[in-house]
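Letter by letter, the chains look like this.
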Amino acid sequence: KAFDEPFLQEIGMFAPDLAICAYYPRIFPPALLGIPRLGCVNLHPGLLPDYRGTFPTAWCILNEEADIGITVHFMDTTIDTGDIIAQRRHQIGEDETGHELYRRSMKLCADLFLDIGVGKLDRLPQSLQFGLRILLLLLILLILGLDRRRGLVARRLDRGLKRFTLGLQVRV
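Definitions and cut-offs
- Residues numbered from 1 in each chain as written.
- Predicted model: local features only at pLDDT ≥ 70, side-chain atom pairs only at ≥ 80, totals over all residues.
- Heavy atoms only, no water.
- Helix = DSSP H or I, 4+ residues; strand = E, 2+ residues; numbered from the N terminus.
- Buried < 20%, exposed > 50% of the residue type's maximum accessible area, 1.4 Å probe, protein only.
- Contact = heavy atoms within 4.5 Å.
- Areas by Shrake-Rupley, 256 points an atom, 1.4 Å probe, with all protein chains shown as cover.
- Salt bridge = Lys/Arg side-chain N within 4 Å of Asp/Glu carboxyl O.
- Phe/Tyr/Trp six-rings, centres within 6.5 Å; stacked < 30°, edge-to-face > 60°.
- Lys NZ or Arg CZ within 6 Å of the ring centre and 35° of its normal.

Draft legend 1. The arrangement of the overall build of the protein chain in detail. Helix and strand counts for the protein chain come out as six helices and four strands. Ordering the α and β elements of the protein chain from the N terminus gives α-β-α-β-α-β-β-α-α-α. Split into buried and exposed, the 172 residues of the protein chain put 41% on the buried side. A fraction of 63% describes how many contacts in the protein chain between residues 6 or more apart in sequence connect residues 24 or more apart. As presented, the protein chain carries roughly 10200 Å² of accessible surface, and 58% of it is formed by carbon and sulfur atoms.

Draft legend 2. Examining the pattern of salt bridges more closely. Applying the stated criterion across every chain yields a total of six salt bridges. The shortest N-O distance in the salt bridge between Arg89 and Asp67 comes to 3.2 Å. One end of the pair, Arg89, is in strand S4 (residues 84–91); the other, Asp67, is in strand S3 (residues 67–74), with 22 residues separating them in the sequence. Judged by relative accessible area, which is 51%, Arg89 ranks as exposed. Asp67 sits in the partly exposed class, given a relative accessible area of 25%. Between Arg123 and Asp83 there is a salt bridge, with the nearest N and O atoms lying 3.0 Å from each other. Taken together, the residues Arg123 in the loop between helix H4 (98–116) and helix H5 (133–148) and Asp83 in the loop between S3 and S4 connect sequence positions 40 residues apart.

Draft legend 3. Here's a closer look at unusual backbone geometry. In this structure, the amide linkage connecting Leu48 to the following residue, Pro49, adopts the cis form with an omega of 10°. By secondary structure assignment, the location of Pro49 is in the loop between strand S2 (40–44) and helix H3 (56–62). The backbone phi angle of Ala15 is positive, close to 45°, even though this residue is not glycine. On the basis of relative accessibility, which here comes to 53%, the residue Ala15 falls in the exposed class. Despite not being glycine, Phe55 has its phi angle at roughly 55°, a positive value.

Draft legend 4. Layout of the environment of Gly53. Inspection of the secondary structure puts Gly53 in the loop between S2 and H3. A relative accessible area of 19% places Gly53 in the buried class. Separated by 30 residues in sequence, Gly53 and Tyr23 have C-alpha atoms that sit 9.7 Å apart. Once you skip the residues sitting within four places of it in the chain, Gly53 turns out to touch His44, Ile79 and Asp80.

Draft legend 5. A look at the packing of aromatic side chains. Inspection of the entire model under this criterion finds four aromatic pairs. Judged by centre distance (5.7 Å) and plane angle (65°), the rings of Tyr24 and Phe28 are edge-to-face. What makes Tyr24 partly exposed here is its relative accessible area of 32%. Given the relative accessible area of 11%, Phe28 is considered buried. Within the aromatic cluster, the residues linked to one another by ring pairs are Phe3, Phe7, Tyr24 and Phe28. Arg123 extends its terminal NZ or CZ atom over the ring of Phe74, reaching a point 3.7 Å from the ring centre.

Okay, structure coming up:
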């Protein structure tokens, strides 16, 4: 639903203490962010600040990470840059696809939020300098992989992006 004025007024009438967001791929407008008394919290299936944005689980597989982090953080007017409340790491399965990892990570995000409890919403400011790490690692992977490990790169891309690409096969 659009964040038009009638919608924002309707949400405001509830006078929420907290808003919880899980994988909503749009930025909340400042008017919505300001409604809940305690703020808006996002459950993010990636370790911030390194894995900001969409598909952090696929990027972790593409970057050959052994584990992934999940993050509960306050929302602000940019993507995944709000203060961190809590983080937790977990291992990536050897043959786990990006989509399988996403589904498992989102459940672990919810579990982490429940473990925290609303009364303990500490704020740890994020470093804003590391968000480009995933793009640099992918670029290095592709440059090195295209020459020497063509098949390995194709398998890694297929594993990381399977189900996110609606079943399209990745060929390098």
